[in-house]
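Geometric and topological summary
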Amino acid sequence: MGKTLYLECESGISGDMTVAALLDLGADQQVLKKALASLSVQGFDIRISRVKKSGLDACDFDVVLDKEHENHDHDMEYLHGDHHDDHHHEEHHHDHENHYHDEHYHDHEHRSPEDIIHIIGHASMTDSARELACKIVKILANAEAKAHGVPLEQVHFHEVGAVDSIVDIVAAAVCADSLGLDEVYIPQLNEGRGMVRCQHGLLPIPVPAVANIISANQLKMHITDVEGELVTPTGAAIAAALRTQDQLPEKFTIQKVGMGAGKREYACVGVLRAMMIE
């Protein structure tokens, strides 16, 4: 008997929330650590801890970047396909949401979807986890290519996002694979409203990449009254890659519950709840 997972995305979904929820459900931490240690990507460490969100005990998965790769808001805006930006890096302000640039990054840290698939291809994980990770990357890259109106091979994961999102994607794929899931129910993604500041100015929520993923994969979305971005591009891509069903069975029992903490403080619980159901 395979296992059935229900992902309750009441407070949206991001890469780190998904990994935390799956770890809380019992995904193998050693298998995860081995896979991440085998990545040919430098400059990060991971921390798995317990935190309280709205008074609830939840697992927290944190990708800790070294100073050089520091990111002020995990998984915010890290992808775009406009190379002309390289000439404007001095204009980026060191404000909370903007990822600032310097020459070092432009030399070394632009990674194309192909580069990332190559990194995943050489990492230590099962074939099924590898396949899932590559599927997530392709969903994300296609959505960004469409959002920016560039061919797929011109999409570049930027310095911060490169490390952050590779780790989140691989971690989510390895954890989901380690749980041996047969079916994954995702009835809807709850999203916030308003605008989010990114490198290129203000973007409407859902950000274009998220809207493209929802459209291409026929995910169901519900817009809530929460001000802010609840669904990140990585979170949406993971949901699209994992989901097999969107209509929950009329009755089911819950065998186990996993709680994955989000990093941002919004007017919602800020937890992704994952349930093994039967």
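What this report covers is the structure whose coordinates are included nearby. (Residues numbered from 1 in each chain as written. Predicted model: local features only at pLDDT ≥ 70, side-chain atom pairs only at ≥ 80, totals over all residues. Heavy atoms only, no water.)

Examining the overall build of the protein
- Along the protein, the regular secondary structure elements total 8 helices and 12 strands.
- Within the protein, the proportion of its 278 residues that are buried is 56%.
- Taking as baseline every contact in the protein between residues at least 6 positions apart, the subset at least 24 positions apart corresponds to 76%.
- Carbon together with sulfur atoms contributes 49% to the accessible area of the protein, which is approximately 12,300 Å² in total. (Helix = DSSP H or I, 4+ residues; strand = E, 2+ residues; numbered from the N terminus. Buried < 20%, exposed > 50% of the residue type's maximum accessible area, 1.4 Å probe, protein only. Contact = heavy atoms within 4.5 Å. Areas by Shrake-Rupley, 256 points an atom, 1.4 Å probe, with all protein chains shown as cover.)

Here we look at the pattern of salt bridges
- What the rule picks out here adds up to 11 salt bridges.
- Residues Glu-8 and Arg-273 are paired through a salt bridge, measuring 3.0 Å at the closest nitrogen-oxygen approach. Of this pair, Glu-8 sits in strand E1 (residues 3-8) while Arg-273 is found in strand E12 (residues 271-277), placing the two residues 265 residues apart along the sequence.
- Exposure remark for Glu-8: the relative accessible area of 15% places this residue in the buried category.
- The salt bridge involving Asp-60 is made with Lys-263; its shortest N-O contact spans 2.9 Å. Within this pair, whereas Asp-60 is found in strand E3 (residues 56-65), its partner Lys-263 is found in the loop between strand E11 (254-261) and E12, the two being separated by 203 residues in sequence.
- Residue classification places Lys-263 among the partly exposed positions, given a relative accessible area of 31%.
- Taken together, the shared-partner salt bridges in this structure form one network comprising Asp-16, Asp-60 and Lys-263. (Salt bridge = Lys/Arg side-chain N within 4 Å of Asp/Glu carboxyl O.)

Describing the pairing of strand E7 (residues 189-193)
- Taken across its 5 residues, E7 has 4 buried, putting it largely inside the fold.
- Two elements, E7 and strand E10 (residues 221-227), share 4 bridges in a ladder whose sense is parallel. Along E10, the bridge assignment pairs Glu-191 with Ile-223. (Pairing = 2+ DSSP bridges.)

Focus on helix H8 (residues 233-242)
- Most of H8 sits out of view: 10 of its 10 residues are buried.
- Of all the positions in H8, only Pro-233, Thr-234, Gly-235, Ala-236, Ala-237, Ile-238, Ala-239, Ala-240, Ala-241 and Leu-242 are classed as buried.

Overview of the packing of helix H5 (residues 127-148) against helix H7 (residues 208-217)
- For the pair H5 and H7, interaxial distance at closest approach is 8 Å and the crossing angle is 115 degrees. The interaxial crossing formed by H5 with H7 has right-handed handedness. Contacts from Ile-139, Leu-140, Ala-143, Glu-144, Lys-146 and Ala-147 in H5 reach Pro-208, Ala-209, Asn-212, Ile-213 and Asn-217 in H7.
- Here the residues of the contact of H5 with H7 are counted per class, giving 7 nonpolar, 2 polar and 2 charged. (Axes fitted to C-alpha atoms, helices over the stretch in contact; angles between N-to-C directions. Left-handed = near helix turned anticlockwise from the far one by under 90°. Nonpolar A, V, L, I, M, F, W, Y, C, P; charged D, E, K, R; others polar.)

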